[in-house]
Amino acid sequence: AALEKGLDINVFGKRLSFFFNAHNNLFEEVAKFRAARKMWANIMKELGATDEKALMLRFHTQTGGATLTAQQPLNNISRVTIQTLAAVLGGTQSLHTNGFDEALGLPTQEAASIALRTQQIVAFESGIADTVDPLAGSYFVENLTDEVEKKAWELVHKIDAMGGSVNSIEEGFMQNEIAKSAYAYQRNIESGEKIIVGVNKFNVDKETPIPGFKIDDGIRQLQIEKLNILKNKRDQAKVNVCLEAIENAAVNQQNIMPVVIEAVENYCTLGEISDCLRKVFGEYQA
């Protein structure tokens, strides 16, 4: 769409970025990130990009919350460390490390601090951040990268043949693929083919409870009060005009960004803006 509007891919290509997850199989995750970087460079070249910066895949990585267990949660510190290593070895630009109590609730201060220290230990003590693509040239890693890339292209071409991502979502393809993958993963855990330490092997009879993070309900009341003050101070007539403009733009399938920016500048809330869009589009149900 950007190309159709005449925008220069060498300009806007430098500003595109992605958000990826990291899981526990170290080499497979490194290969995944390396394959994604290769694929993106090829995609951008095909679209006409020539600037080296526009060919680079910029991505943030978050360690995989779905891989962390409620059983023996301190083991998650090791899992997050492996995932952090995979992300850095794979070339991530930024990183979020999850708290070890992810499967239990919001992180406590201790869990958040350990997550931060995990990043800092990898950054300043491991030495892996000193070299670009340190696993390049490894027969195993290069082979695995090629294999991941090949399988990923097969999926890309399959989605293209279905008319693109939006069509494949509307037809349930992506949801079904994710569901099938999750089902197979769970079956392998239950059969013991896939070992999850502390879950289906190396269990303990009794665990030491981990203290959870408790949120003071006063925060909710404070936020409500702040919102009420905002609503009393703003120009309600302008707010109404802005919200109507958003609804009209959505109905007429126009670019909603300009009217959303105007709405925010006039102190429309996120909830009010979302309600306008919900009124037109409804809510997506898989």
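A brief report on the enclosed structure follows. All values derive from a computational prediction rather than experimental measurement.

Describing the pattern of salt bridges
- Tallied over the full model, the rule gives twelve salt bridges.
- In this structure, the salt-bridge partner of Arg 34 is Asp 133, at a minimum N-O distance of 2.9 Å. With Arg 34 in helix H2 (residues 26-46) and Asp 133 in the loop between helix H5 (109-125) and helix H6 (139-161), this pair connects stretches of sequence that are 99 residues apart.
- Ionic pairing is found between Asp 275 and Arg 278, a salt bridge with its closest N-O pair at 3.0 Å.

Notes on the sheet that holds strand E1 (residues 18-22)
- Read across the open sheet, the three strands follow the order E1-E2-E3; overall the sheet is parallel. Either end of the sheet is taken by a strand with one partner, and the two such strands are E1 and strand E3 (94-96). Here the strands of the sheet are splayed against their neighbours by 25° on average, with no regard to which way each runs.
- Note: strand E2 (residues 59-63) against E3, three bridges, orientation parallel. Within E3, the residue paired with Gln 62 across the bridge is His 96.

Thoughts on the nonpolar core
- Phe 33, Met 44, Ala 49, Leu 55 and Leu 57 are the most contacted members of the largest nonpolar core, which totals 14 residues.
- Looking at which element gives the most residues to this core, the answer is H2, with five residues.
- Sequence-distant contacts of Phe 33, defined by excluding residues within four places in its chain, comprise Phe 20, Asn 21, Ala 22, Phe 59, Thr 61, Ala 86, Ala 87 and Gly 90.
- Judged by nonpolar contacts, the second largest core, of eleven residues, contains Val 239, Leu 243, Ile 246 and Val 259.

Describing the environment of Asn 42
- Looking at the element boundaries, Asn 42 is found in helix H2.
- C-alpha of Asn 42 to C-alpha of Glu 171: the two residues are 129 residues apart in sequence and 28 Å apart in space.
- Non-local contacts of Asn 42, meaning those with residues more than four positions away in its chain, are made with Glu 149 and Trp 153.

A few points about the side chain of Gln 72
- Looking at where Gln 72 falls in the secondary structure, it is placed in the loop between E2 and helix H4 (76-89).
- The buried category is assigned to Gln 72, whose relative accessible area is 17%.
- Excluding anything up to four places from it in sequence, Gln 72 contacts Gly 198, Phe 202, Asn 203, Val 204 and Glu 207.

Some points on the state of the cysteines
- Enumeration according to the criterion identifies zero disulfides in this entry.
- We note that Cys 242 lacks a disulfide partner, and the nearest cysteine sulfur, in Cys 268, lies 4.8 Å from it.
- Among the residues examined, Cys 242 registers a relative accessible area of 4% and is labelled buried.

Describing the packing of helix H10 (residues 236-251) against helix H11 (residues 257-265)
- Here H10 crosses H11 at 165°, and the two axes come no closer than 9 Å. If you check the angle between H10 and H11, you find them roughly antiparallel. Here H10 runs over H11; the crossing is left-handed. For the pair formed by H10 and H11, the contact residues are Cys 242, Ala 245, Ile 246 and Ala 249 on the first element and Val 259, Val 260, Glu 262 and Ala 263 on the second.
- A breakdown of the residues in the contact of H10 with H11 according to their chemical character gives seven nonpolar, no polar and one charged.

A few points about the packing of aromatic side chains
- Counted under the stated rule, the structure contains six aromatic pairs.
- A ring pair is formed by Phe 18 and Trp 40, whose centres lie 4.8 Å apart and whose planes are at 75°; its orientation type is edge-to-face. Taken as a pair, Phe 18 in strand E1 and Trp 40 in helix H2 lie far apart in primary sequence, 22 residues in all.
- Residue classification places Trp 40 among the buried positions, given a relative accessible area of 14%.
- For the pair Phe 20 and Phe 59, a centre-to-centre distance of 5.2 Å together with 40° between the ring planes defines the contact as tilted. Here Phe 20, found in strand E1, pairs with Phe 59, found in strand E2; they are 39 residues apart in sequence, far enough to count as distant.
- Since its relative accessible area comes to 22%, Phe 20 is described here as partly exposed.
- Taking relative accessible area as the criterion, Phe 59 reaches 1% and is therefore assigned buried.
- Among the aromatic side chains, those forming a connected cluster through ring pairs are Phe 18, Phe 20, Phe 33, Trp 40 and Phe 59.

Procedures and definitions
- Residues numbered from 1 in each chain as written.
- Predicted model: local features only at pLDDT ≥ 70, side-chain atom pairs only at ≥ 80, totals over all residues.
- Heavy atoms only, no water.
- Salt bridge = Lys/Arg side-chain N within 4 Å of Asp/Glu carboxyl O.
- Helix = DSSP H or I, 4+ residues; strand = E, 2+ residues; numbered from the N terminus.
- Pairing = 2+ DSSP bridges.
- Axes fitted to C-alpha atoms, helices over the stretch in contact; angles between N-to-C directions.
- Core = buried A, V, L, I, M, F, W, Y, C linked by side-chain atoms within 4.5 Å.
- Buried < 20%, exposed > 50% of the residue type's maximum accessible area, 1.4 Å probe, protein only.
- Contact = heavy atoms within 4.5 Å.
- Disulfide = S-S within 2.5 Å.
- Parallel < 35°, antiparallel > 145°, perpendicular 65-115°, else oblique.
- Left-handed = near helix turned anticlockwise from the far one by under 90°.
- Nonpolar A, V, L, I, M, F, W, Y, C, P; charged D, E, K, R; others polar.
- Phe/Tyr/Trp six-rings, centres within 6.5 Å; stacked < 30°, edge-to-face > 60°.

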